Amino acid sequence: KAGVTQTPRYLIKTRGQQVTLSCSPISGHRSVSWYQQTPGQGLQFLFEYFSETQRNKGNFPGRFSGRQFSNSRSEMNVSTLELGDSALYLCASSSGAGGGYEQYFGPGTRLTVT
Amino acid sequence: GQNIDQPTEMTATEGAIVQINCTYQTSGFNGLFWYQQHAGEAPTFLSYNVLDGLEEKGRFSSFLSRSKGYSYLLLKELQMKDSASYLCAVRDQEYGNKLVFGAGTILRVKS
């Protein structure tokens, strides 16, 4: 089985722009979660989608949004980028939501905001 | 709220045993995960505990005490490739079962 894929792998944007990141889960997985990882804050939960529905949302401003498509692929969007949004954005998929379902992480998208 | 504490860094010698502790405070505990993350790579799953006790998987074992809000990851026969960050993560039913990660413990294995 192919693993979780994320595109693009690297991205440089200017403050004020917006960005869309994409995640394709492992085939058959219906749950996709997004995380932001920075050296200072560690892994911070952004949101979780299951069967096209957002099940959970972390404590991030409304500039961060996401969606999941019928094929379980997911996108997250960040509008009006700020310097502090520079981070590694990780997507993880699992066969179910919550409980003991193991999450498989993608390689991440490294976003740099200048 | 949720609070997950792990030591920031640890150093151990190749071939030795190391224990990485994790303490947590949650309102609706619903499972604890350990992940390994090498520098520049994505986290990979190591273990899952939801009931008290020890789960063993090869050189890695994880222990959970729900009454104490405490877990540890035990790594035996340390190898240089075990040098990585180890992340403790807790599912909390009070927060929609989202997975909350600790800051991670950087383990350095020296020869």
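(A) The arrangement of the overall build of chain B in detail. In terms of helices and strands, chain B carries zero helices and eleven strands. Listing the helices and strands of chain B from first to last along the sequence gives β-β-β-β-β-β-β-β-β-β-β. Against the compact-globule benchmark of 13 Å for 111 residues, chain B has a radius of gyration of 14 Å, which places it among compact chains. Expressed as lengths along the three principal axes of its C-alpha atoms, the size of chain B is roughly 45 × 30 × 20 Å. Considering chain B as a whole, with its 111 residues, one finds that 50% of them fall into the buried category. Across chain B, the fraction of contacts at a sequence separation of at least 24, relative to all contacts at a separation of at least 6, is 55%. Total accessible area on chain B is roughly 5200 Å²; 47% of this is exposed by carbon and sulfur atoms. Seen as two clouds, the 10 positive and the 11 negative side-chain charges of chain B have centres 1 Å apart.

(B) Structural detail: the state of the cysteines. Counted according to the given criterion, the structure contains two disulfides over all chains. The disulfide partner of Cys23(A) is Cys91(A), and the gap between their sulfur atoms is 1.7 Å. Between Cys23(A) and Cys91(A), the S-S dihedral sits near -45°, and the bridge is therefore left-handed. Of this pair, Cys23(A) sits in strand S3 (residues 19–24) while Cys91(A) sits in strand S9 (residues 87–94), placing them 68 residues apart in sequence. A disulfide bridge connects Cys22(B) with Cys88(B), and the sulfur atoms are separated by 2.0 Å.

(C) Local environment of the pattern of salt bridges. Taken as a whole and judged by the stated rule, the model has nine salt bridges over all chains. The salt bridge involving Glu9(B) is made with Arg108(B); its shortest N-O contact spans 3.2 Å. You can see Glu9(B) sitting in strand S2 (residues 9–13) and its partner Arg108(B) sitting in strand S11 (residues 105–110), a full 99 residues away along the chain. On the accessibility criterion, Glu9(B) (46% relative accessible area) is partly exposed. Among the salt bridges present, the one from Asp52(B) reaches Arg66(B), with a minimum N-O distance of 3.0 Å. Taken as a pair, Asp52(B) in the loop between strand S5 (44–49) and strand S6 (53–57) and Arg66(B) in the loop between strand S7 (60–65) and strand S8 (70–75) lie far apart in primary sequence, 14 residues in all. Within this structure, Arg63(A), Glu82(A) and Asp85(A) form a network of salt bridges that share partners.

(D) Here's a closer look at the interface of chain B and chain A. If you look at the interface, chain B gives 16 residues, while chain A gives 18 residues. Contact between chain B and chain A buries roughly 1500 Å² in total, counting both sides, with carbon and sulfur atoms accounting for 52%. The largest contributions to the chain B side of the interface with chain A come from Arg91(B), Lys98(B) and Phe101(B), which together make up 32% of the buried area. At the boundary of chain B with chain A, the tally comes to zero salt bridges. Remark: the boundary between chain B and chain A carries two residue pairs in polar contact (both at pLDDT 80 or more). For the side of chain B that touches chain A, the secondary-structure elements that each account for two or more residues are strand S4 (29–37), S5, strand S9 (84–92) and strand S10 (98–101) of chain B. With four residues, S4(B) is the single largest residue contributor to the side of chain B that touches chain A.

(E) Seen up close, the layout of surface pockets. Approximately 450 Å³ is the volume found for the largest pocket. Surrounding the largest pocket, 19 residues form its lining, Gln37(A), Thr38(A), Pro39(A), Gln37(B) and Ser85(B) being those nearest its centre. Only strand S4 (31–38) and strand S5 (42–50) of chain A together with S9 of chain B provide two or more residues apiece to the lining of the largest pocket. Ranked by the residues each element gives to the lining of the largest pocket, the list is headed by S9(B), at three residues.

(F) Here's a closer look at the packing of aromatic side chains. Following the criterion strictly, the structure yields 16 aromatic pairs over all chains and no others. With 6.2 Å between their ring centres and 70° between their planes, Phe33(B) and Phe45(B) make a pair best called edge-to-face. On the criterion of sequence distance, the pair formed by Phe33(B) in strand S4 and Phe45(B) in strand S5 is long-range, its members being twelve residues apart. Accessibility expressed as a relative area gives 0% for Phe33(B), which makes it buried. An aromatic cluster of at least three residues, connected via ring pairs, comprises Tyr35(A), Phe45(A), Phe105(A), Phe33(B), Tyr35(B), Phe45(B), Tyr48(B) and Phe101(B).

(G) Molecular detail of the sheet that holds strand S7 (residues 64–68) of chain A. Residue and element names in this part refer to chain A. Reading across from one edge, S1-S3-S8-S7 is the order of the four strands in this open sheet, with antiparallel pairing throughout. Only two strands of the sheet have a single neighbouring strand rather than two, namely strand S1 (5–7) and S7. On average, each strand axis in the sheet is tilted by 15° relative to the strand beside it, whichever way the strands run. Looking at chain direction, S3 and strand S8 (residues 74–78) are connected through five bridges and run antiparallel. If you follow Cys 23 over to S8, its bridge partner there is Ser 74.

What counts, and where the lines are drawn
Residues numbered from 1 in each chain as written. Chains lettered and ligands numbered in written order. Predicted model: local features only at pLDDT ≥ 70, side-chain atom pairs only at ≥ 80, totals over all residues. Heavy atoms only, no water. Helix = DSSP H or I, 4+ residues; strand = E, 2+ residues; numbered from the N terminus. Rg over C-alpha atoms; globule rule 2.2 N^0.38 Å. Buried < 20%, exposed > 50% of the residue type's maximum accessible area, 1.4 Å probe, protein only. Contact = heavy atoms within 4.5 Å. Areas by Shrake-Rupley, 256 points an atom, 1.4 Å probe, with all protein chains shown as cover. Lys, Arg positive; Asp, Glu negative; His and termini not counted. Charge placed at Lys NZ, Arg CZ, Asp CG, Glu CD. Disulfide = S-S within 2.5 Å. Salt bridge = Lys/Arg side-chain N within 4 Å of Asp/Glu carboxyl O. Buried area = accessible area lost by both parts, 1.4 Å probe. Polar contact = N/O pair within 3.5 Å; in protein donor to acceptor, adjacent residues only side chain to side chain. 1 Å grid on protein atoms, 1.4 Å probe; cavity = no way out; pocket = protein on both sides within 12 Å on 5 of 7 lines; lining within 4 Å. Points joined across faces, edges and corners; volume = space filled by probe spheres on them. Phe/Tyr/Trp six-rings, centres within 6.5 Å; stacked < 30°, edge-to-face > 60°. Pairing = 2+ DSSP bridges. Axes fitted to C-alpha atoms, helices over the stretch in contact; angles between N-to-C directions.

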